[in-house]
Amino acid sequence: MKKCAIYTRVSTDNQAEKEYNSCRTQEDKIKSYIHSQEGWGIYDIYSDEGYTGSNLDRPAFKKMIRELDKIDIILFYKLCLLYTSDAADELDGVDLGGR
């Protein structure tokens with residue numbers, strides 16, 4: 001079975017309160033997709049509410065990176081929720097375990 005990580009993020013508390021932007025809504029949509037794929041299962045859910053995407057200093061993101069050796073697939077609702085262009089340079093220093 002493919003072990004899937006779900007990553008959700010919103011920058012502000014105001015965004016988190018809006019139903020269509022909430023981490024919960026992102027999570028539900030991603031879970032639905034995972035369940036539609038044969039042989040895929042949820043490994044863990046990583047959620048950073050109220051953290052900017054302009055840097056990688058986010059607790060759930062850091063935990064997910066530490067656990068990459070246990071994860072086959074990382075799913076997120078939009079690429080900008082994983083990181084913004086401001087954080088792209090920081091990813092050069094992240095060891096993705098050859099994936």
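Our subject in this report is the structure included herewith. (Residues numbered from 1 in each chain as written. Predicted model: local features only at pLDDT ≥ 70, side-chain atom pairs only at ≥ 80, totals over all residues. Heavy atoms only, no water.)

### Observations regarding the nonpolar core
This is how the line gets drawn: Throughout, nonpolar core names a set of buried Ala, Val, Leu, Ile, Met, Phe, Trp, Tyr and Cys residues whose side chains join them through atoms within 4.5 Å. Relative accessibility under 20% of the residue-type maximum defines a buried residue, over 50% an exposed one, and the middle range a partly exposed one, all with a 1.4 Å probe and only protein chains included. Helical segments are the DSSP runs of H or I of at least four residues, strand segments are the runs of E of at least two, and each set is numbered from the N terminus. Residue contacts are counted whenever heavy atoms from the two residues lie within 4.5 Å of one another.
Membership of the largest hydrophobic core is limited to eight residues, which are Ala-5, Tyr-7, Tyr-46, Leu-56, Ala-60, Phe-61, Met-64 and Ile-71. For this core, the elements supplying multiple residues, two or more each, are strand 1 (2–10) and helix 3 (59–66). Looking at which element gives the most residues to this core, the answer is helix 3, with three residues. For Ala-60, the contacting residues outside a window of four places in its chain are Tyr-7, Tyr-46, Ser-47 and Asp-48. With six residues, the next largest nonpolar core counts Cys-4, Ile-6, Ile-30 and Leu-75 among its residues.

### Here's the deal with the pattern of salt bridges
Where we set the bar: Take a side-chain nitrogen of Lys or Arg and a carboxyl oxygen of Asp or Glu: if they are within 4 Å of each other, that pair is a salt bridge.
This model, assessed by the stated rule, comprises five salt bridges. In this structure, Lys-31 engages Glu-27 in a salt bridge whose closest nitrogen and oxygen atoms are separated by 2.9 Å. Taken together, the residues Lys-31 and Glu-27, both in helix 2 (residues 23–35) and four residues apart, mark about one turn of the helix. Take Lys-31: its relative accessible area is 22%, and that puts it in the partly exposed class. The class for Glu-27 is buried, based on a relative accessible area of 11%. A salt bridge links Asp-44 to Lys-63; the shortest N-O distance between them is 3.6 Å.

### Looking at the packing of aromatic side chains
Test applied: Aromatic rings from Phe, Tyr and Trp, with only the six-membered ring used for Trp, were paired whenever their centres fell within 6.5 Å, and each pair was classed as stacked if the ring planes differed by under 30 degrees, edge-to-face if by over 60, and tilted otherwise. Throughout this description, the term charge over a ring refers to an Arg CZ or Lys NZ atom that lies within 6 Å of the ring centre and within 35 degrees of the ring normal.
Following the criterion strictly, the structure yields two aromatic pairs and no others. Consider the rings of Tyr-7 and Phe-61, whose centres lie 5.8 Å apart with planes at 80°: the pair is edge-to-face. Here Tyr-7, found in strand 1, pairs with Phe-61, found in helix 3; they are 54 residues apart in sequence, far enough to count as distant. Look at Tyr-7 and you get buried, because its relative accessible area is 0%. For Phe-61, a relative accessible area of 4% puts it in the buried group. Centre to centre, the rings of Tyr-33 and Trp-40 are 5.8 Å apart; their planes meet at 75°, and the pair counts as edge-to-face. The ring of Phe-61 carries Arg-58 above its face, with NZ or CZ at 4.7 Å from the centroid.

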